[in-house]
Amino acid sequence: MASRDYQPHNRQGTSPTHSQDMHIDSEEKLRYELAKTVTLTPELYEKLFISPKTQVAGSLRNTFGNPTPIGVLGFSVAVFPLACAFMGWRGSGGLAVATTGPTIWFGGVLLILAGIGEFLLGNNFPMIVFLAYGAHLLAFATTFIPWFNAIGFFNPDGSGIGSPGPENQTAVFLSSFAFYQIAMGILSFIFLLGSLRVNGVFVLIFMFVTIGFGLGAGAFFHLAKANVVLGTKLATGTGACFFAASVLGFYFFLALVIAIMELPIPDPPVFDLSTVVKPKSRAVLKED
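Report on the accompanying structure. (Residues numbered from 1 in each chain as written. Predicted model: local features only at pLDDT ≥ 70, side-chain atom pairs only at ≥ 80, totals over all residues. Heavy atoms only, no water.)

1. A short note on the overall build of the chain
- From N to C terminus, the chain includes nine helices and two strands.
- For the chain, the sequential pattern of α-helices and β-strands runs β-β-α-α-α-α-α-α-α-α-α.
- Burial statistics for the chain: of 288 residues in total, 41% are counted as buried.
- Restricting to contacts in the chain with at least 6 residues of sequence separation, those with at least 24 account for 63%.
- Element-wise, carbon and sulfur atoms account for 68% of the exposed surface of the chain, whose accessible area totals about 16,400 Å². (Helix = DSSP H or I, 4+ residues; strand = E, 2+ residues; numbered from the N terminus. Buried < 20%, exposed > 50% of the residue type's maximum accessible area, 1.4 Å probe, protein only. Contact = heavy atoms within 4.5 Å. Areas by Shrake-Rupley, 256 points an atom, 1.4 Å probe, with all protein chains shown as cover.)

Written out as structure tokens, the structure is:
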């Protein structure tokens, strides 16, 4: 692009000083100058950052990249194969141990990094969500790593060590692990309430995740009681719920990429709820 000098004249018809000149040598510089003067609408901000826009000090949002897509893609990629394994598709199974690596790196590491990024930008809700689910996926994956001995401890031979294989997944382990699923279900329900001020896609994701953890707890409890048929059905339901959540995550990630790259195609609707569920003011008047 050819260099263009923009030199507006003042009221007396004289040229401004050199410090007031704006030299736009490329499209990138033009976009940069526009970005300094254009403010994101609340709807677009919530789509890109999955959080109501708040006033924060500093200019980190103009300095660093948006961490939200990293968290969304990490969640979706990690949960998708896990869900398929719980449903037993194409002979898969084994509590998704085969995808422990993706669960750690996509689900754990990327979500933790995204949570830290949201923390730096002052986005409280996505920070909490990403860090919590990142910790969960790391906890789930490491449970089945022999070095942690979380399952081998229940070895029926009484040695307290062993592999994380089915032979050591005793009734005590399964019942104990079920309570962790309940805790995650409660946490996800709280996230579901918080998402009512974000968008409809997030509401559906948290709804399916909450139900999935509830079914997962039931599956582990019934498997601990040797109710294999019912336990397997509940595990399949768990996988179905997480499969739906991961697909919705991919859908939301697609919407983010289209918005970020400004692609000339229609934006997939995410059903913004910020104008539907109004915030409650908790401002306190200072006494004189």
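2. Overview of the packing of helix α6 (residues 124-143) against helix α7 (residues 171-194)
- As a packed pair, α6 and α7 sit with axes 11 Å apart at the nearest point and diverge in direction by 165 degrees. As far as their axial angle goes, α7 and α6 are roughly antiparallel. Pair α6 / α7 crosses with left-handed handedness. Contact residues: α6 offers Phe125, Ile128, Val129, Ala132, Tyr133, His136, Ala139, Phe140 and Thr143, while α7 offers Phe173, Phe177, Tyr180, Met184, Leu187, Ser188, Phe191 and Gly194.
- Of the residues assigned to the contact of α6 with α7, the class counts are 13 nonpolar, four polar and no charged. (Axes fitted to C-alpha atoms, helices over the stretch in contact; angles between N-to-C directions. Parallel < 35°, antiparallel > 145°, perpendicular 65-115°, else oblique. Left-handed = near helix turned anticlockwise from the far one by under 90°. Nonpolar A, V, L, I, M, F, W, Y, C, P; charged D, E, K, R; others polar.)

3. Some details on the side chain of asparagine 155
- Here asparagine 155 lies in the loop between α6 and α7.
- Using a relative accessible area of 16% as the deciding quantity, one classes asparagine 155 as buried.
- With residues near it in sequence (within four places) discarded, asparagine 155 still touches Ile161, Gly162 and Asn168.

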